[in-house]
Amino acid sequence: MSAPTTSEPGPVRAVAPRPAPGSVTVDLSGRTALVTGAAGGIGRAVALRLAAAGARVRAVDRAAEGLDALSEAAGDLPGAVEARLLDLTDLDAAEAAAAGADILVNNAGIQLVRPLHEFPPDVFHTVLTVMLEAPFRLIRGALPGMYARGWGRIVNISSVHGLRASAFKAAYVAAKHGLEGLSKTAALEGAPHGVTSNCVNPGYVRTPLVERQIADQAAAHGIPAERVLTEVLLKDSALKRLIEPEEVAEAVLYLCTPQASFVTGASLALDGGWTAH
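Notes on the structure in this doc start here. Computed from a prediction, not measured in an experiment: that's the story for all the values here. (Residues numbered from 1 in each chain as written. Predicted model: local features only at pLDDT ≥ 70, side-chain atom pairs only at ≥ 80, totals over all residues. Heavy atoms only, no water.)

### Here's the deal with the nonpolar core
Stage number 1. Core analysis: the biggest nonpolar cluster contains 36 residues, and L28, L50, V57 and V105 have the highest contact counts within it.
Stage number 2. Secondary-structure elements contributing two or more residues to this core are strand 1 (32-36), helix 1 (41-52), strand 2 (56-61), helix 2 (64-73), strand 4 (103-106), strand 5 (152-157) and helix 8 (245-255).
Stage number 3. Looking at this core, the element that brings in the most residues is helix 1, giving 7 residues.
Stage number 4. Residues contacting L50, with those up to four places away along its chain left out, are L28, A33, V35, A55, V57, I103, V105 and L253. (Core = buried A, V, L, I, M, F, W, Y, C linked by side-chain atoms within 4.5 Å. Buried < 20%, exposed > 50% of the residue type's maximum accessible area, 1.4 Å probe, protein only. Helix = DSSP H or I, 4+ residues; strand = E, 2+ residues; numbered from the N terminus. Contact = heavy atoms within 4.5 Å.)

This is the structure we're talking about:
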């Protein structure tokens, strides 16, 4: 005998709205953070988010105007932003800049879209220097202080391209894959000292770096620029939108919380389902 049916609705369950960026309460007072590539895009959002949580942020970039705008935007936040002009190809200066940092966010990146057989060797070298060797030197500079204090957070802004490859991005993909390995090594060595190391792996973020790629991708694939976003950049993403820099910043902040103290050696994908394939 089948169970009786009813047309009466079940209990109504409230659906919580998506939290606005910056709504999570985290206290980083007394912590010093260093963020590379802080003049714009993800780095700017991360610097502002950490300062909003009370951290003293060393904002590192080679773009003076962007750093000035960042400092102005951070004026009323609980923490502080100290702008530092630095070209990360100066590896000795990069290592020195990281001394004393409790939180290190390796974010700076550059991109060139070219077929492998046409990829300029000097650009390949520069990409690897800025996006892999500089993070190594920054980590090297930060770790002694972190070890001495028994606490540290290394967050490497990797990419879905640290987990998957795409054509025409030999240097970027190589650098991000290397960063993944560097991050895991730092996690293994840092664990006995209270230091975690993780990667955050966003898909395509609404940043100037991505916007500049559209013309390059259009040329590489031989299609109009307006088709690049849907047919190339977001082709493998289940969510057909760019991720916002502030969303990435919230993930970085989470990795600095006490609740994330057991998360280390991980790669946190913010890729809209790309790697679900």
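### A closer look at the pairing of strand 6 (residues 195-202)
Stage number 1. Burial analysis of strand 6 places 8 of its 8 residues in the buried class, the great majority of the element.
Stage number 2. Here strand 6 shows two buried faces, one formed by V195, S197, C199 and N201 and the other by T196, N198, V200 and P202.
Stage number 3. Across 6 bridges, strand 5 lies against strand 6 in parallel orientation. Bridge assignment links I157 to a residue of strand 6, and that residue is V200.
Stage number 4. Tracing the backbone out of strand 5, into helix 5 (residues 170-190) and back to the parallel element strand 6 gives a crossover that is right-handed.
Stage number 5. When strand 6 meets strand 7 (residues 267-270), the two strands line up parallel, connected through 4 bridges. Note that in strand 7 the partner of N201 across the bridge is A269. (Pairing = 2+ DSSP bridges. Right-handed = clockwise from strand over helix to strand, strands pointing away.)

### Considering the environment of N198
Stage number 1. Tracing the chain through its elements places N198 in strand 6.
Stage number 2. Classification of N198 by relative accessible area gives buried; the value is 1%.
Stage number 3. Spatially, the C-alpha atoms of N198 and V123 are 27 Å apart, while their sequence positions differ by 75 residues.
Stage number 4. Polar contacts involving the side chain of N198 include one to the main-chain amide nitrogen of T264, which spans 3.4 Å. (Polar contact = N/O pair within 3.5 Å; in protein donor to acceptor, adjacent residues only side chain to side chain.)

### Brief notes about helix 6 (residues 208-221)
Stage number 1. Compared with an ideal rise of 1.5 Å per residue, which puts 14 residues at 20 Å, helix 6 spans 20 Å between its outermost C-alpha atoms and is within 8% of the ideal.
Stage number 2. Along its length, helix 6 shows its largest kink, about 30°, at I214.
Stage number 3. Buried within helix 6 we find V210, Q213, Q217 and A218.
Stage number 4. Looking at the buried side of helix 6, the elements it contacts are helix 7 (225-233).
Stage number 5. Just past helix 6, the residue G222 takes up positive phi, approximately 70°. (Expected span 1.5 Å × (residues − 1). Bend = angle between axes of the 7 residues up to and from the residue.)

### Focus on the packing of aromatic side chains
Stage number 1. Within this structure, the stated rule accounts for 2 aromatic pairs.
Stage number 2. Taking the centre distance of 6.2 Å and the plane angle of 85° together, the rings of F119 and F124 count as edge-to-face.
Stage number 3. Residue classification places F124 among the partly exposed residues on the basis of a relative accessible area of 33%. (Phe/Tyr/Trp six-rings, centres within 6.5 Å; stacked < 30°, edge-to-face > 60°.)

### Some details on the environment of L253
Stage number 1. Along the chain, L253 falls in helix 8.
Stage number 2. Through-space distance from the C-alpha of L253 to that of P224 is 38 Å; in sequence the pair is 29 residues apart.

### Some points on the pattern of salt bridges
Stage number 1. In total, this model carries 11 salt bridges according to the counting rule given.
Stage number 2. A salt bridge links E231 to R227, with the shortest nitrogen-to-oxygen separation between them at 2.8 Å. Highlighted residues: E231 and R227, both in helix 7, separated by 4 residues, approximately one helical turn.
Stage number 3. Relative accessible area serves as the criterion here: at 38%, E231 is assigned to the partly exposed category.
Stage number 4. Residues E247 and R241 are paired through a salt bridge, measuring 3.0 Å at the closest nitrogen-oxygen approach. (Salt bridge = Lys/Arg side-chain N within 4 Å of Asp/Glu carboxyl O.)

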